[in-house]
Amino acid sequence: IGKSHQTLNFESDTFDNPIGNFLTDVTRWKAKADVAFQNAGGVRNIIPQGDVRLRDVYQVMPFENTIVKLKMRGKLVYEVVKDNLRPDRTSMYISGIDVKYKLADGKIAEIKIEKDGKPIEMEKEYTVATNNYLTSGGSGGRAFLKVEKENIEDTMILVRDAMIEWIKENKEISAPKGNRFVSME
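Residues numbered from 1 in each chain as written. Predicted model: local features only at pLDDT ≥ 70, side-chain atom pairs only at ≥ 80, totals over all residues. Heavy atoms only, no water.

Student: What exactly am I supposed to notice about the pairing of strand S8 (residues 98-104) here?
Tutor: Residues in a regular strand point their side chains to alternate faces of the sheet. Pairing of S8 with strand S9 (residues 107-115) involves 7 bridges; the strand directions are antiparallel. Bridge pairing links Val99 to Ile113 in S9. The loop that links S8 with its antiparallel partner S9 comprises 2 residues; one of these, Asp105, has a positive phi angle of about 55°. (Pairing = 2+ DSSP bridges. Helix = DSSP H or I, 4+ residues; strand = E, 2+ residues; numbered from the N terminus.)

This is the structure we're talking about:
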């Protein structure tokens, strides 16, 4: 269905990696959202360099998760990041924002989140895309449970189908922008 210029690695215990960044970028693209989140545990394989087959996409995203669009205030976006950030890794991949963090005594002491180079506004409403597993509170999605029902729209589009559509439309995959989590040390 397409071609990948390099292997998009799968690593669940890092701050960000090519396959997690690609998946969140595709989710944000499909939902036309400001921000996207994907739980690291939901990404199950790599996309190898070379020809990309449907089988590769199914191996990356074997679940029937759908893309959910939410309207969330900046303080809940912050909460999602904070709930999932550890001193040595994150369990949530991100798109559309950059996170700067500082450690003290081996713990996260400070978090700054930027959108387009500016700090997110805690009371501003952002359009956020994620999957239905996270919006039900699964694997680090506790903050999504605080979003009012009228601000949640399940698109019923499978995350996997969005990946397939993006690959077919763009034909070639390159590793997306990295360093979405940066230490302020």
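Student: Explanation requested: the sheet that holds strand S3 (residues 50-52) in the structure shown.
Tutor: Backbone hydrogen bonds are what pair the strands of a sheet, in a parallel or an antiparallel way. Spatially, the 3 strands line up as an open sheet ordered S3-S1-S13, and their pairing is mixed. Edge positions in the sheet fall to S3 and strand S13 (172-173), since each has one partner strand and no second. With 2 bridges connecting them, strand S1 (residues 2-4) and S13 associate as parallel partners. For Ser4, the partnering residue across the bridge sits in S13 and is Ile173.

Student: Mind showing me how you'd approach the packing of aromatic side chains here?
Tutor: To describe a pair of aromatic rings, you give the distance between the ring centres and the angle between the ring planes. Scanning the entire structure with this criterion turns up 4 aromatic pairs. For the ring pair Phe22 and Trp166, a centre distance of 5.2 Å and an interplane angle of 80° mean the geometry is edge-to-face. Taken together, the positions of Phe22 in helix H1 (residues 18-31) and Trp166 in helix H5 (residues 159-170) put the pair 144 residues apart, joining distant regions of the chain. Residue Phe22 shares its accessibility class with Trp166, and that shared class is buried. Chaining the aromatic ring pairs together yields one cluster made of Phe15, Tyr101 and Phe181. (Phe/Tyr/Trp six-rings, centres within 6.5 Å; stacked < 30°, edge-to-face > 60°. Buried < 20%, exposed > 50% of the residue type's maximum accessible area, 1.4 Å probe, protein only.)

Student: How should the packing of H1 against H5 be read in this particular structure?
Tutor: Each packed pair of helices is defined by two parameters, the angle between the axes and the distance between the axes. Contact pair H1 / H5: the axes reach a minimum separation of 9 Å and the direction vectors enclose 90°. By the angle class used here, H1 and H5 are roughly perpendicular. Facing H1, whose interface residues are Phe22, Leu23, Val26, Thr27, Trp29 and Lys30, H5 presents Val159, Ala162, Met163, Glu165, Trp166, Ile167 and Glu169. Among the residues forming the contact of H1 with H5, the class breakdown is 9 nonpolar, 1 polar and 3 charged. (Axes fitted to C-alpha atoms, helices over the stretch in contact; angles between N-to-C directions. Parallel < 35°, antiparallel > 145°, perpendicular 65-115°, else oblique. Contact = heavy atoms within 4.5 Å. Nonpolar A, V, L, I, M, F, W, Y, C, P; charged D, E, K, R; others polar.)

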